[in-house]
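# Fold and geometry: a report
As a plain string of letters, each chain reads:
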Amino acid sequence: MFSKKMQEALNDQIHHEMESAYIYLAMAAYFAEENYPGFTHWMKMQFDEEMIHAFKFYDYIHSRGAKVVLQAITQPPAEFDSPLSAFETALGHEQKISADIHNLYALALEEKDYPSLSFLQWFIDEQVEEEEHVGGVVEDIKRVSGSDQGLLMLDRELGQRLPPSPEEE
Ligand code: FEO
């Protein structure tokens, strides 16, 4: 049974994923303006990934014969204090998204909605990776303690990020 409550919660998640994409696009713009092409690239890749996540929920809702209802997206910040502050904000955001996914999973469990449980499993695993990746960048930035040379090296490294793999889609 695909309850109204579950449908609404999944629609909310499209909104959360689109909002994530928008926040990462704002961070990409900030990094471009601060002359960090690698961090900019990384954030654009993150934007693409979040859009893929949003579409997964969109397609899933349709595949269960339900209605997609889109919501307004909040304006993201235009400024960040530093690269560290931007990536710490990103980490906090990913932790919130993980909690959203866990709440969805708990609801599907409560409702014995087995197709949704199966669908959400991918996101549970994905969020472990997301937090690990973003948390790793936060740690790396802390390690270079704001040194220009260290940040330049990290910027080059993050500029190598590959586009989301076909398994993501
Ligand atoms: Fe779609 Fe980064 O959570």
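Provided above is the structure to which this section pertains.
The paragraphs below set out a description of the structure included in this document. Since the model is a prediction, treat every value here as computed from it, not as a measurement. (Residues numbered from 1 in each chain as written. Predicted model: local features only at pLDDT ≥ 70, side-chain atom pairs only at ≥ 80, totals over all residues. Heavy atoms only, no water.)

Let us now look at the side chain of D155. Looking at the element boundaries, D155 is found in helix α5 (residues 148–158). Here D155 occupies a buried position and makes no salt bridge, while the nearest side chain of opposite charge, R156, is found at 6.6 Å. There is a polar contact of 2.9 Å between the side chain of D155 and the backbone nitrogen of G38. With sequence-adjacent residues up to four places away left out, D155 is seen in contact with Y36, P37, G38 and F39. (Helix = DSSP H or I, 4+ residues; strand = E, 2+ residues; numbered from the N terminus. Buried < 20%, exposed > 50% of the residue type's maximum accessible area, 1.4 Å probe, protein only. Lys, Arg positive; Asp, Glu negative; His and termini not counted. Salt bridge = Lys/Arg side-chain N within 4 Å of Asp/Glu carboxyl O. Polar contact = N/O pair within 3.5 Å; in protein donor to acceptor, adjacent residues only side chain to side chain. Contact = heavy atoms within 4.5 Å.)

With that out of the way, let us pick up α5. The α-helix advances 3.6 residues per turn, and as a result positions three or four apart in sequence lie on the same side. Within α5, the full set of buried residues consists of G150, L151, L154, D155 and L158. Mapping the buried residues of α5 onto a view down its axis gives an arc of 140°, with all of them on the same face. Across from the buried face of α5, at angles greater than 90 degrees, the exposed residues are D148, Q149, M153 and R156. In this structure, the buried residues of α5 make contact with α2 (37–63), α3 (83–110) and α4 (114–143). (Arc of directions from axis to C-beta.)

Attention shifts here to the packing of α2 against α3. At their nearest, the axes of α2 and α3 sit 13 Å apart, and the two run at 15° to each other. With respect to α3, the element α2 is oriented roughly parallel. Remark: the crossing between α2 and α3 carries left-handed chirality. Every residue of α3 that contacts α2 at F39, W42, M43, Q46, E50 and F57 is listed here: P83, F87, E94, I101 and L104. (Axes fitted to C-alpha atoms, helices over the stretch in contact; angles between N-to-C directions. Parallel < 35°, antiparallel > 145°, perpendicular 65-115°, else oblique. Left-handed = near helix turned anticlockwise from the far one by under 90°.)

What follows concerns the environment of Y30. For Y30, the location among the structural elements is in helix α1 (residues 4–33). Accessibility expressed as a relative area gives 4% for Y30, which makes it buried. Sequence separation of Y30 and E129 is 99 residues, and the distance between their C-alpha atoms is 24 Å. If we ignore the near neighbours within four places in the chain, the residues touching Y30 are A78, E79, F80, D81, S82, P83 and A86. Of the polar contacts made by the side chain of Y30, one reaches the backbone nitrogen of S82; its length is 3.5 Å.

Moving on, we come to the nonpolar core. Ranked by internal contacts, the top residues of the largest apolar core, which has 22 residues, are M27, F31, F39, W42, M43 and F87. Sorting the residues of this core by element identifies α1, α2, α3, α4 and α5 as the ones contributing at least two each. For this core, the element with the highest residue contribution is α1, accounting for 6 residues. Residues within four places of F39 in sequence aside, it is in contact with F31, P83, F87, L151, L154, D155 and L158. Counting 21 residues, the second largest nonpolar core, distinct from the first, contains M6, I14, A54 and A66. (Core = buried A, V, L, I, M, F, W, Y, C linked by side-chain atoms within 4.5 Å.)

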